[in-house]
Amino acid sequence: MSQFDTIVIGAGVNGLVAGAVLARRGKSVCILEQGDTVGGMAGLTSSDGPALAHLIYNLNSRVRRDIGLGGKDWPFKSKALPTVSLSEDGKHVVVDGAAVRFADGSDHPQATACSDLIRRLTRYGDLLRQLAEAPPPGGDSPVSRAGLKQLWWLGRFGLGVKRLGKSEMRAFLQVLLSNAYDFILDELPDGRLSGILAADAVRGAATGPRSPGTVFSLIYRMGHGGDVTLPQGGTAAVMETLSNAAKQAGCTLKTGAPVVRILTDNDHVTGIETASGDRVYAKQVLSSVAPLPTARLAGLHHFDIEATRRIRNIRARGTTAKVNLRLSRAPVIPGLPGNLLGARLLFAPSADYVEQAFNPAKYGDMSSAPVIEAVLPAPQMDRPWLSTIVQYAPSDLSGGWTDAAREELLQTTLATLARISPTLPELVEEAQVITPDLIEQATGAPGGHWHHAEMSLDQLLTIRPANLLGRYAIGPKGLFLCGAATHPGGDIMGLSGRNAALMALEKTG
Amino acid sequence: MTLKPDYDVIVAGAGHNGLTTAAYLARAGLQVLVVEKNDWIGGAAVSRELHPGWTYSNCSYVCSLLRREIVRDLDLPKYGLQVIPYEGGASFTRDGNYFAYYSDHDALRREMARYSPRDADAYQRYSQAIMRQCRFIRPFLLRDAPDPASLRPRDLGEMAYLVKKAHGLGARELGETLRFWTMSIGDFLNEHFENDLIKAHLAGSGIIGTGLGVYSPGTAYVLLHHYMGDIDGGIGAWGFARGGMGAISAALAASFETHGGTIHTGAGVAEILTQNGRVTGVALEDGKVFNAPVVASNMDIKRTILRHVDRDVLPEDYVRAVDRFKIRGSSAKLNIALDSLPQFPAAPDHASFLRGDMHTSESLPELERAYDDWKIGRWSEKPYIDMLIPSQIDPTMAPPGSHMMTVFVQYAPYDLAVGGTRSGENWDEAQRKAMAETVVNQIEIACPDIRNHILHMEVRSPAELEREVGLTEGNIFQGELTFDQLFFNRPIPGYSDYSTPLKGLYICGSSAHPGGGVMGAPGANAARNILRRETRAGRMKGYAA
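Residues numbered from 1 in each chain as written. Chains lettered and ligands numbered in written order. Predicted model: local features only at pLDDT ≥ 70, side-chain atom pairs only at ≥ 80, totals over all residues. Heavy atoms only, no water.

*Asks:* Lay out the pairing of strand β11 (residues 279-287) of chain A in plain terms, naming residues and giving numbers.
*Replies:* Within a regular strand, side chains alternate between the sheet's two faces. Residues and elements named next belong to chain A. Sheet topology note: the strand β1 (residues 2-9)/β11 ladder contains 7 bridges and is parallel. Paired with F4 across the two strands is A282, which belongs to β11. Here 3 bridges tie strand β10 (residues 268-274) to β11, and the two strands are oriented antiparallel to one another. Bridge pairing links I272 to V280 in β11. Counted between consecutive antiparallel strands, the loop separating β10 from β11 contains 4 residues, among which G277 sits at a positive phi close to 90°. Here 3 bridges tie β11 to strand β17 (residues 479-481), and the two strands are oriented parallel to one another. (Pairing = 2+ DSSP bridges. Helix = DSSP H or I, 4+ residues; strand = E, 2+ residues; numbered from the N terminus.)

*Asks:* Help me get a handle on helix α4 (residues 145-162) of chain A, residues and values and all.
*Replies:* Residues and elements named next belong to chain A. In this model α4 runs 25 Å from its N-terminal to its C-terminal C-alpha over 18 residues, within 8% of the 26 Å that 1.5 Å per residue would give. Looking only at α4, the buried set comprises A146, G147, Q150, W153, F157, G160 and V161. The arc that holds every buried residue of α4, seen down its axis, measures 145°, which confines them to one face. Summarising the geometry of α4, the exposed residues directed more than 90 degrees from the buried face are R145, W152 and L159. Where α4 begins, the side chain of S144 points an oxygen toward the backbone nitrogen of G147, at a separation of 3.0 Å. (Expected span 1.5 Å × (residues − 1). Buried < 20%, exposed > 50% of the residue type's maximum accessible area, 1.4 Å probe, protein only. Arc of directions from axis to C-beta. Polar contact = N/O pair within 3.5 Å; in protein donor to acceptor, adjacent residues only side chain to side chain.)

*Asks:* Tell me about the pattern of salt bridges, residues and numbers included.
*Replies:* Applying the stated rule across the entire model yields 68 salt bridges over all chains. Residue R310 of chain A is joined to E176 of chain B by a salt bridge in which the shortest nitrogen-to-oxygen separation is 2.7 Å. A residue pair is termed interchain when its members come from two chains, as with R310 of chain A in helix α11 (residues 305-312) and E176 of chain B in helix α6 (residues 170-182). Overall, the relative accessible area of 12% leaves R310 of chain A in the buried class. With a closest N to O distance of 3.8 Å, R320 of chain B and D317 of chain B form a salt bridge. Here R320 of chain B pairs with D317 of chain B, and both are found in helix α12 (residues 316-323), just 3 residues apart, close to one helical turn. Owing to a relative accessible area of 55%, D317 of chain B belongs among the exposed residues under this scheme. (Salt bridge = Lys/Arg side-chain N within 4 Å of Asp/Glu carboxyl O.)

*Asks:* Quick one: what's the story with the nonpolar core, residue by residue and with numbers?
*Replies:* Ranked by size, the top nonpolar core spans 130 residues in total, and within it L286 and L325 of chain A carry the most contacts. Looking at this core element by element, the count peaks at 10 residues for helix α3 (residues 111-132) of chain A. With near-sequence residues (within four places) excluded, L325 of chain A lies in contact with P384, W385, L386, L410, L414, L417, L424, V428, E430 and A431 of chain A. One finds I10, V71, L202 and L481 of chain B within the second-largest nonpolar core, a separate group that totals 124 residues. (Core = buried A, V, L, I, M, F, W, Y, C linked by side-chain atoms within 4.5 Å. Contact = heavy atoms within 4.5 Å.)

*Asks:* Could you give an account of the side chain of Q110 of chain A, naming the residues involved and the relevant values?
*Replies:* Residues and elements named next belong to chain A. Locating Q110 in the fold gives a position in the loop between β6 (99-102) and α3. Judged by its relative accessible area of 18%, Q110 is buried. Each residue touching Q110, except ones within four places of it in the same chain, is listed here: L188, P189, D190 and L193.

*Asks:* Tell me about the sheet that holds strand β5 (residues 93-96) of chain A, and please be specific about residues and values.
*Replies:* Two orientations exist for strands paired in a sheet by backbone hydrogen bonds: parallel and antiparallel. All names here are of chain A. Read across the sheet, 8 strands follow the order β6-β5-β4-β13-β14-β15-β12-β16 without closing on themselves; strand pairing throughout is mixed. With one partner strand each, in any of the chains shown, β6 and β16 (428-434) form the two edges of the open sheet. For this sheet, the mean angle separating the axes of adjacent strands, direction not counted, is 20°. Pairing geometry for β5 and β6, over 4 bridges, is antiparallel. Looking at β6, one finds that D96 is bridged to A99. Contacts from helix α7 (residues 191-202) reach β4 (83-85), β5, β6, β13 (344-347), β14 (371-375) and β15 (385-391) within the one sheet, and its direction differs from that of β5 by about 50°. (Axes fitted to C-alpha atoms, helices over the stretch in contact; angles between N-to-C directions.)

*Asks:* An account of the interface of chain B and chain A is requested, with residue identities and associated values reported.
*Replies:* A common way to report how large an interface is uses the accessible area buried once the components associate. Contact residues are listed per partner, giving 38 residues for chain B and 30 residues for chain A. Taking both sides of the interface into account, the surface hidden between chain B and chain A amounts to around 3200 Å²; carbon and sulfur atoms contribute 51%. Among the residues of chain B in contact with chain A, A149, R324 and K375 of chain B are the three that bury the most area, contributing 16% of the side total. Remark: the boundary between chain B and chain A carries 10 salt bridges. A salt bridge links E368 of chain B to K362 of chain A; the shortest N-O distance between them is 2.6 Å. Taken together, the connections running from chain B to chain A amount to 21 residue pairs in polar contact (both at pLDDT 80 or more). (Buried area = accessible area lost by both parts, 1.4 Å probe.)

*Asks:* Describe the sheet that holds strand β11 (residues 262-264) of chain B, with residues and values.
*Replies:* All names here are of chain B. If you walk across this open sheet you meet the 5 strands as β11-β2-β1-β15-β23, and the pairing is parallel. Strands at the two margins of the open sheet, each flanked by one partner only, are β11 and β23 (505-507). Ignoring which end each strand starts from, the neighbouring axes of this sheet average 20° apart. With 4 bridges joining them, strand β1 (residues 9-12) and strand β2 (residues 32-35) adopt parallel strand pairing. Each residue of the ladder has a partner; that of V11, found in β2, is V34. Contacting β1, β2, β11 and β15 (294-297), helix α1 (residues 16-27) crosses the sheet at an angle of about 165° to β2. Helix α16 (residues 521-536) rests against β15 and β23 of the sheet, and its axis sits at about 155° to β23.

Structural data, given as structure tokens:
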């Protein structure tokens, strides 16, 4: 028998961060991971293929600070990648930071409009990031200390919006809830530009760019400056850094220990039981698994009927698959200079293309012409991996994800890639097709959804993952959610774990 | 009444909102002239005899949203307005069954239980949730939307009212409200119901008139927009205006004229005249010129600003924002004269729901696919139809024994795609006929012998709606009902108080808060703002002059 102050279930980004934050505040923490390695969904790999998450764009600086790796203590550099919008006619467009030009170096006629738009989105993103960096308000009396803190926090956000100036503030409040398709096309008629922004607005989501609320997602992505980075050593290195931070802070980290039950006594958590029957005791349990599996671990009888219904109604339809291709050599993309082969390569030739790709997903079919984000993490390497994210491949595919369906997805992906590099399919030596069902199997995330719960407006901020469950604590006393399903959501950001840890600390003092 | 050269206010367009604004202002003692391009009044709330003996409500066709405050203030029943509620409705299926919707709660429960006992239970929660949202939103309809970027006392006051109302909901309801407003009707229904047909029946109101699909976030609000009205205090109830929708316009016009107002038909506004950044009057297409310090435009904001105002007198930002205002045609209409009542073989004889709204869509995916067709510039292969036979309740609509049928069609694009181009010009006779064929096929699901009864059929695509009524792109709401174009964002952020950067020019149509539907609220709110701002400035003389 072992006793800790806090148990964290799951050693993904958020679990590790939550553990490290709590341990650094003097709590004894035990992190339990079902798999044999840490890293959760982001670090998910198949044999020696690249990890599921191949790029990082919003690892939060407050998270780094709170786990003891702030500022210069962060151990390695990440390289900001330019984005290339691939075009079938070889006239690719490069977006580097806010600078826009053609891949052959010539000027793009909409470069200024695009740069302005990116700068605007980044500015708005900066505001939304402030909302992400604290637990959402609610629940506390406005005269209590916690209540005052929330008021101060809200006031600061309000002031930030006000400081945009009158006309920018109006524009912000208008575009915040609008759809990416119209918003982008109003400014950028060139499909190569509108396509990649539309694709970014819906990445990982079960929605198309014409759906209202997609500008919000786009802004959210830009919340950390908008840079897309490729970490040295890949995602695995980031995960290792996080797990070292947790260990250094004093966390006990156990892998290969799937939790099968959250123990309770008198409506208060007392610990957990693992598959091997071991029990670990603690007064607080933070779970980085999704709300429904967490509730099941604790027992649904701890939840009233309304809470149960809300948890069951959380939408999490994964729509994104990972296709890793081992190539015999670096591919040739006509029109793309060799030095850009290592960029983030996007195939989304127009906003309409992205919307059309989404259509079949609504009815449980995969896109016949998918949106693809491809990265060659090491183009100079022998037999390099091409890591691609393919959208849309819905988790609820009609007929299920059989081997034949996976093969179809692979062929569709290759056919799409052949549109910009006709010789690429011939180079493929080995392929890994990681569909949402496999992601769910490996991680337990419902629907294999990147964010455990759809990042749509009705599941964000105070109502993430569901109404009245937005303050991390759920069900029996001492139980908290700390995964991507909570505010502010997924990606390799770490804020869900950090915010949940702060909330748990607040509850125990 | 004879025309004079000078008025206090000129209202451009005799739609129901223009007439509402005019009637309120006339009651306040101002000299008001309404000018209308058509030879008849009413805009999209009209009754027209296009086939001898039959009256068509050929645009809007049912009534619920008209605010009762307006009915009362303007004494509309005194001027002949009578609204007759209709009972329920139904969705018919291809395999010869139907789901009936009854306004009688117990009957509805039994009908739902026929498909799913769980759904019958869920309906309790569903209708409560909708009703709560209706109660929350209704007080805002006849108030101004505050500009959050402004520190004017009025805006702060309205903002405080909003915060107070939101706070009054309590944490739980506030969360539910935030969710509801940002959800898709498909997701909302999926949370409550399991039966496809029941969901399809209820989802229709979430897409009527919009360029969104049942899975698009924000469509739950559109549903609310169709539920927040009332008839005789019955929230969510719909009815027919006796004599067709034109009866509403006629009553508004009579109320207006009784208070000294003048309506000039047959010549639309050619230009809104300005001098030194201020409105001075209007020049009509027939060459007449009328002077007034205030012009209220019932036309949609795009038409008003882009076609009738000299761009040089407006700030560039504002014109760009108007240019980007989303106003997409998405619906068509068939108005049909029937020689007798057609058969609905699935329904029991004389079923009450045959007198209500009838549909033929069977599932949410079917509705969403209808939207996918629209996105690429085609009318839906299996459109959502909302059809009614008002002559069963209102005998004034057709000769004895004969009937009039109104069929609303969703989706039909304004910019029809033909041979690689997308344009409103593509709507020629052949295209209209082909679309009508699609719709009649859809009607046949419910009533297979419909073709034998058709005496005359009027087919209206969004292009006709634009040409005849003047609604840009044939959008029935004068602008999409999406978050970025609602409340303080409607029509343009910073101008939700019905004003424009051009002094003296006001927007009083559905482009303004709270939006479309035969509601009258934009018209009433615009009148209030005109009175507040312009009479205080002493620009209007009223009868004293």
